[in-house]
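# Structure at a glance
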Amino acid sequence: MKSSVITNEKPSEIYLELSKSDDVNACARDMQQIYNHRNIARKESADFSTGNFVDNIQEAINMTIDHPYLQHVIFSKNHVPVIVLYTDFQIESILNQCIIMPEPSVLGIDRTFNLSDLFLTATVYKDANFIRKTSNRHPLLAGPMFLHGNADTGSYIHFFNCLQTALGNISHSDLIIGSDNEKALKLAAHSVFPDSKNVFCSLHLKKNLSRYLSNKLGMNSKERKIVVSSIFDVNGISRCRSLLDFHFACKEFQRKYQSSKRLVRYFNQRLRYPLECNIQSNCQDRTNNNCESLNHVYKQAVNWKKQSVVNLILKLYDVVDKQYFDMQQCLVGQGNFKFSPNVQNNISYFDYLEMNLNQ
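Residues numbered from 1 in each chain as written. Predicted model: local features only at pLDDT ≥ 70, side-chain atom pairs only at ≥ 80, totals over all residues. Heavy atoms only, no water.

## What about the overall build of the protein chain?
The helix and strand inventory of the protein chain stands at 14 helices and nine strands. Burial analysis of the protein chain (359 residues in total) assigns 48% to the buried set. The contacts in the protein chain between residues at least 6 apart in sequence include a share of 64% that link residues at least 24 apart. (Helix = DSSP H or I, 4+ residues; strand = E, 2+ residues; numbered from the N terminus. Buried < 20%, exposed > 50% of the residue type's maximum accessible area, 1.4 Å probe, protein only. Contact = heavy atoms within 4.5 Å.)

Right, dumping it as structure tokens:
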């Protein structure tokens, strides 16, 4: 699709042309995806040698000396620099919440657009040590993130390498990385964290299946509903409670639709692996909603306007800093968070929290 959107054709013409393709990877789900890919293509082919951008990168390099949030500016040939953002406390928190905890949080990761001339890819996780007073649920916290101009495997590997180094020499077998099944991101995560588990957004899988059934197999809405429900309903394949049940359900699905070779092939190539990963990690109904919720927070922080690279870094740090403030307020019983019951009597954790947040 990427090669198509950088032409001078109108988005409507590109959408129509791609819809006729037999290759499901070449299809667009809607016009918005055409606009998004055109935005990506323009960024990747943009001239980042202009004065303002170069000045911003130089200022970012200077900030790595003493700013607690900006950790790395990474250069590589024929690539826009990668800017990696995190605090030491975020790393300690992720180590605790996403790896060490008996029931670790999923470390969600997602790319978002239109915050600056660069993409923002951010991580998110839940902290089981706190409860948000308004919802009585564990809060979503911003994790490490990075700014990049290329949406390729190499850029993601730069970020994951920094994250791996920061986490230290510890097993990552309990780390669960959640994404929307973006190929470059998935390959990078497996390259850097080969022992980690991967889970995928069931909503993306469901929407992609429905679009394939409509655009490629020509199914009407009633037929599509039957197929989609058999996989994603509460009693569908995606909700199996064990791998044994899952493998049995897959065989039944293949037997039922054996007359539709294209459907069975799509299921085996596009759905079986991500669904199996979700079941294996007990994340049957996993979605990217947590990432999208914090993406909305970031866009609110910039008032829905594009920022210079440095301004965006500072505004993102403000978001992180406000979360730190709510954690600090827990120590005196104020703020938007309260401690979970499992840490209310843990004096050593109070001391640890106060020491780290006051640094």
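## Concerning helix α6 (residues 153-167)
The end-to-end C-alpha distance of α6 is 21 Å, a good match for the 21 Å that 15 residues give at a rise of 1.5 Å each. Buried within α6 are the following residues: Ser155, Tyr156, Phe159, Phe160, Cys162, Leu163 and Leu167. Down the axis, α6 shows its buried residues gathered within 150° of arc, on one side only. Following α6 by one or two positions, Gly168 has its phi on the positive side, about 90°. (Expected span 1.5 Å × (residues − 1). Arc of directions from axis to C-beta.)

## Things to note about the pairing of strand β3 (residues 107-112)
Of all six residues in β3, six are buried, a share of seventy percent or more. Here β3 shows two buried faces, one formed by Leu107, Ile109 and Arg111 and the other by Gly108, Asp110 and Thr112. Here β3 runs beside strand β7 (residues 176-179); their pairing, made up of two bridges, is parallel. Bridging across to β7, Leu107 finds its partner in Ile177. In terms of strand pairing, β3 meets strand β4 (residues 119-126) through five bridges, oriented antiparallel. Bridge pairing in β4 links Gly108 to Val124. Between the antiparallel neighbours β3 and β4 lie six residues, among them Asn114 with a positive phi of about 65°. (Pairing = 2+ DSSP bridges.)

## So, the packing of helix α8 (residues 202-215) against helix α9 (residues 221-232)
With their axes 10 Å apart at the nearest point, α8 and α9 run at an angle of 155° to one another. Our classification of the angle between α8 and α9 gives roughly antiparallel. For the crossing formed where α8 meets α9, the hand is right-handed. Taken together, the residues of α9 that come into contact with α8 (itself represented by Ser202, Leu205, Lys206, Leu209, Ser210, Leu213 and Ser214) are Arg224, Val227, Val228, Ile231 and Phe232. Residues of the contact of α8 with α9, tallied by class, amount to seven nonpolar, three polar and two charged. (Axes fitted to C-alpha atoms, helices over the stretch in contact; angles between N-to-C directions. Parallel < 35°, antiparallel > 145°, perpendicular 65-115°, else oblique. Left-handed = near helix turned anticlockwise from the far one by under 90°. Nonpolar A, V, L, I, M, F, W, Y, C, P; charged D, E, K, R; others polar.)

## Here's the deal with the nonpolar core
In this structure, Ile83, Met145, Phe160, Tyr298 and Ile313 are the most contacted members of the largest nonpolar core, which totals 67 residues. Beyond its immediate stretch of four places on either side in the chain, Ile313 contacts Met63, Tyr69, Leu70, Ile83, Leu85 and Leu147. (Core = buried A, V, L, I, M, F, W, Y, C linked by side-chain atoms within 4.5 Å.)

## Digging into the pattern of salt bridges
Applying the stated rule across the entire model yields two salt bridges. The partner of Arg255 in a salt bridge is Glu252, and the shortest N-O contact between them spans 3.1 Å. With Arg255 and Glu252 both in helix α10 (residues 243-256) and three residues apart, the pair spans about one turn of that helix. Accessibility expressed as a relative area gives 32% for Glu252, which makes it partly exposed. (Salt bridge = Lys/Arg side-chain N within 4 Å of Asp/Glu carboxyl O.)

## Overview of helix α11 (residues 261-280)
An ideal rise of 1.5 Å per residue puts 28 Å on 20 residues; α11 measures up with 27 Å between its terminal C-alpha atoms. At Leu271, α11 is bent by approximately 50°, the largest bend along its length, and proline Pro274 sits one to four residues beyond. Along its buried surface, α11 packs onto β8 (197-200), α8, α9 and α10. (Bend = angle between axes of the 7 residues up to and from the residue.)

## Brief notes about the environment of Gly178
Mapping Gly178 onto the fold places it in strand β7. Considered as a pair, Gly178 and Asn278 are 100 residues apart in the sequence and their alpha carbons are 9.3 Å apart.

## Focus on the packing of helix α5 (residues 88-100) against α6
Viewed as axis vectors pointing N to C, α5 and α6 meet at an angle of 85°, and their least axial separation amounts to 10 Å. Our classification of the angle between α5 and α6 gives roughly perpendicular. Here Ile91, Ile94, Leu95 and Ile99 of α5 lie close against α6, whose contacting residues are Leu163, Ala166 and Leu167. Considering only residue class, the contact of α5 with α6 consists of seven nonpolar, no polar and no charged.

## Considering unusual backbone geometry
In this model, Asn114 sits at a positive phi of 65°, which is unusual for a non-glycine residue. Mapped onto the secondary structure, Asn114 falls in the loop between β3 and β4. Judged by relative accessible area, Asn114 falls into the partly exposed class, the value being 44%. One non-glycine residue, Trp304, lies in the positive phi region at around 60°. Within the secondary structure layout, Trp304 lies in the loop between α12 (289-301) and α13 (309-330).

## What to know about the packing of aromatic side chains
Applying the stated rule across the entire model yields 13 aromatic pairs. A centroid spacing of 5.8 Å and a plane angle of 85° characterise the contact between Phe113 and Phe119, whose relative ring orientation is edge-to-face. With respect to burial, Phe113 and Phe119 carry one shared label: buried. An angle of 15° between the planes, with centres 4.3 Å apart, marks the rings of Tyr212 and Tyr266 as stacked. Here the residue Tyr212 occupies a position in helix α8, and Tyr266 occupies one in helix α11, the gap between them amounting to 54 residues. Of the two residues examined, Tyr212 and Tyr266, each falls in the buried class. An aromatic cluster of three or more residues is present, and its members are Phe146, Tyr156, Phe159, Phe160 and Phe193. Across the ring face of Phe119, the terminal group of Arg111 is positioned such that the distance to the ring centre comes to 5.0 Å. (Phe/Tyr/Trp six-rings, centres within 6.5 Å; stacked < 30°, edge-to-face > 60°. Lys NZ or Arg CZ within 6 Å of the ring centre and 35° of its normal.)

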